[in-house]
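Breakdown of the fold
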Amino acid sequence: MKKFSSKKIIGYDIHRLAKKLWPLNRSITGEGVRKTLSIISKEIPKLKIHSVPSNTKAFDWIVPKEWIVKKAYIVTPEGKKICDFSKNNLHLISYSIPFKGSISFNELKKHLHTLPKQPKAIPYVTSYYKKRWGFCLTHDEFKTLKKGTYKVIIDSHLFNGELNYGELLIKGRSNKEIFLSTYICHPSMANNELSGPSVTTFLSKWLITKSETNYSYRIIFIPETIGSIVYLSRNLKKMKKNIIAGFNISCVGDDRAYSYIPSRKGNTISDLVSKHILKWIDKNFKKYSWLDRGSDERQYCAPGIDLPVASITRTKYGKYPEYHTSLDNLVNVVTPKGLNGGYSALKKAIEAVENNKKYKTNIMCEPQMSKRGLYPTLSIKKSDNKIKLMMDFISLCDGKSTLLEIAEILNVPIWDLYDLTKLLKKQKIISE
């Protein structure tokens, strides 16, 4: 594993990883997923890659067949090749069945998808669970097509293969776990896809370098929906027993906004931490409701699953114009600065859960701070904000309130209390 430092601006390294992953044709199964996991495993060698055979039952679902594409394109009546999969893998509907033949323009139109309101964008379209074929193109290009006979080539194959996912388990002082999940199933889209696994990779690298964490970590890289369902079907008992907080990581790469999507219950530690962190990072952050869900939080918070999983994002999926199109790129949408912001917010959230303990004073009444060199010996009218914060903090250490609850009462970011707790513990004024 490459040497990792959390002190530098990490967004540039995250962006470079996203560029490496960009060309791969990811879907819910296939070689693109395996290559993606292989690249990520070079960054985090402890990542374990799992395989689940096609047709494996997972709750109400079945693991689908594996899908592979060798080539796909259309030839116009004039002999021009369009919708070439080798030039942009968004051109082909994901999971398109094989097809070879010549058809009329009227018949071809039934298999073409465009976005008239975004005429320069290639849409992202999938058909995982119904057999069909089709192509996607910009509406501008579609308008140039003329009547005539078109040649269609789709050299694809659907077969009994496997679904793959990556899992990283990091042991901490406690068996209780913090859960991080991200998905690796979208081709050539930057914010909706590559920002999540790229940021999660660097969060994993940071956690691995820590000498010891208070909690253990369960981190997974999965195909969206079917991947989370499969993973839950295989690990639910352990997850329900051990997970105390979790974050679904997606759309964390643009630099336009910060957003929060709650767990179904809305009152877990993950929810409280997310709102607290974002309040201090961006007072104008967008707060959504459970009814606005759309990613794997749907599975983690489903009735009967009930895991404490919330989402911290930059601009939420479906809420930026480039979403699910070729315009969601690594130039105009996802930037090193945006990735750095997503990474930093999630890092702060993890640190908040790690530090969210209960403290109690070890001294009856106020401790005499001056004899410990923590309070001025001369009483004057002018007050010191740091001293006031310290004394206010001590007054709230009743052994019942968490550090996050105290930070909310004091109206300060929780990270402003980390060094203070260390100092007061060292002086044996407070204890856990």
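Below or above, wherever it landed, is the structure these notes cover.

Conventions adopted
Residues numbered from 1 in each chain as written. Predicted model: local features only at pLDDT ≥ 70, side-chain atom pairs only at ≥ 80, totals over all residues. Heavy atoms only, no water. Helix = DSSP H or I, 4+ residues; strand = E, 2+ residues; numbered from the N terminus. Buried < 20%, exposed > 50% of the residue type's maximum accessible area, 1.4 Å probe, protein only. Contact = heavy atoms within 4.5 Å. Areas by Shrake-Rupley, 256 points an atom, 1.4 Å probe, with all protein chains shown as cover. Lys, Arg positive; Asp, Glu negative; His and termini not counted. Charge placed at Lys NZ, Arg CZ, Asp CG, Glu CD. Polar contact = N/O pair within 3.5 Å; in protein donor to acceptor, adjacent residues only side chain to side chain. 1 Å grid on protein atoms, 1.4 Å probe; cavity = no way out; pocket = protein on both sides within 12 Å on 5 of 7 lines; lining within 4 Å. Points joined across faces, edges and corners; volume = space filled by probe spheres on them. Phe/Tyr/Trp six-rings, centres within 6.5 Å; stacked < 30°, edge-to-face > 60°. Lys NZ or Arg CZ within 6 Å of the ring centre and 35° of its normal.

1. Concerning the overall build of the protein
Counting secondary structure elements, the protein contains 12 helices and 19 strands. In terms of overall dimensions, the protein has C-alpha extents of about 95 × 45 × 40 Å along its principal axes. Counting across all 432 residues of the protein, residues that qualify as buried make up 55%. For the protein, the share of sequence-separated contacts (at least 6 apart) that also reach a separation of at least 24 residues comes to 81%. Counting every atom, the protein has about 20200 Å² of accessible surface; 51% of that belongs to carbon and sulfur. Mean positive and mean negative side-chain charge positions of the protein (73 and 38 charges, respectively) differ by 2 Å.

2. A look at the side chain of H186
By the secondary structure assignment, H186 is in the loop between β11 (177-183) and α5 (190-209). Among the residues examined, H186 registers a relative accessible area of 4% and is labelled buried. One polar contact links H186 to N192, side chain to side chain, over a distance of 3.2 Å. If sequence neighbours within four positions are ignored, H186 has contacts with R26, Y124, N192, E193, E224 and H324.

3. Notes on unusual backbone geometry
Here the phi dihedral of N55 falls at roughly 75 degrees; this positive angle occurs in a residue that is not glycine. Along the chain, N55 turns up in the loop between β1 (48-53) and β2 (57-58). Judged by relative accessible area, N55 falls into the partly exposed class, the value being 48%. Phi at N411 is positive, roughly 60 degrees, even though this residue is not glycine. Counting through the fold element by element, N411 comes out in the loop between α11 (403-410) and α12 (418-426).

4. Re the layout of surface pockets
As a volume, the largest pocket reaches approximately 490 Å³. Surrounding the largest pocket, 17 residues form its lining, R173, N214, N355, K357 and K422 being those nearest its centre. Of all the secondary structure elements, the ones that give two or more residues to the lining of the largest pocket are α9 (336-355) and α12. Looking at which element gives the most residues to the lining of the largest pocket, the answer is α12, with five residues.

5. Brief notes about the side chain of Q299
Within the secondary structure, Q299 is located in helix α8 (residues 297-300). In this structure, Q299 is in contact with T225, S228, I229, L232 and I305, ignoring residues within four places of it in sequence.

6. A look at the environment of K287
Take K287: it is sitting in strand β15 (residues 286-287). By relative accessible area, which is 52% here, K287 ends up exposed. With residues near it in sequence (within four places) discarded, K287 still touches Y260 and K275.

7. Observations regarding the packing of aromatic side chains
Working definition: an aromatic ring pair is given by the centre-to-centre distance plus the angle between the planes. Evaluated as defined, the whole model comprises 11 aromatic pairs. Plain terms: the ring middles of W61 and Y129 are 5.5 Å apart, the flat faces sit at 75 degrees to each other, and that makes the pair edge-to-face. With W61 in strand β3 (residues 61-62) and Y129 in the loop between β7 (112-113) and β8 (135-136), this residue pair connects regions lying 68 residues apart in the sequence. For Y129, a relative accessible area of 47% corresponds to the partly exposed category. Residues W67 and Y95 carry aromatic rings whose centres are separated by 5.5 Å and whose planes lie at 25 degrees to one another, so their mutual orientation is stacked. Highlighted residues: W67 in strand β4 (residues 66-75) and Y95 in the loop between β5 (81-82) and β6 (99-104), separated in sequence by 28 residues. What makes W67 buried here is its relative accessible area of 4%. Residue classification places Y95 among the buried positions, given a relative accessible area of 3%. Joined through ring pairs, the aromatic side chains of W61, W67, Y95, Y128 and Y129 make up one cluster. The ring of Y258 carries the charged tip of R314 above its face, separated from the ring centre by 3.8 Å.

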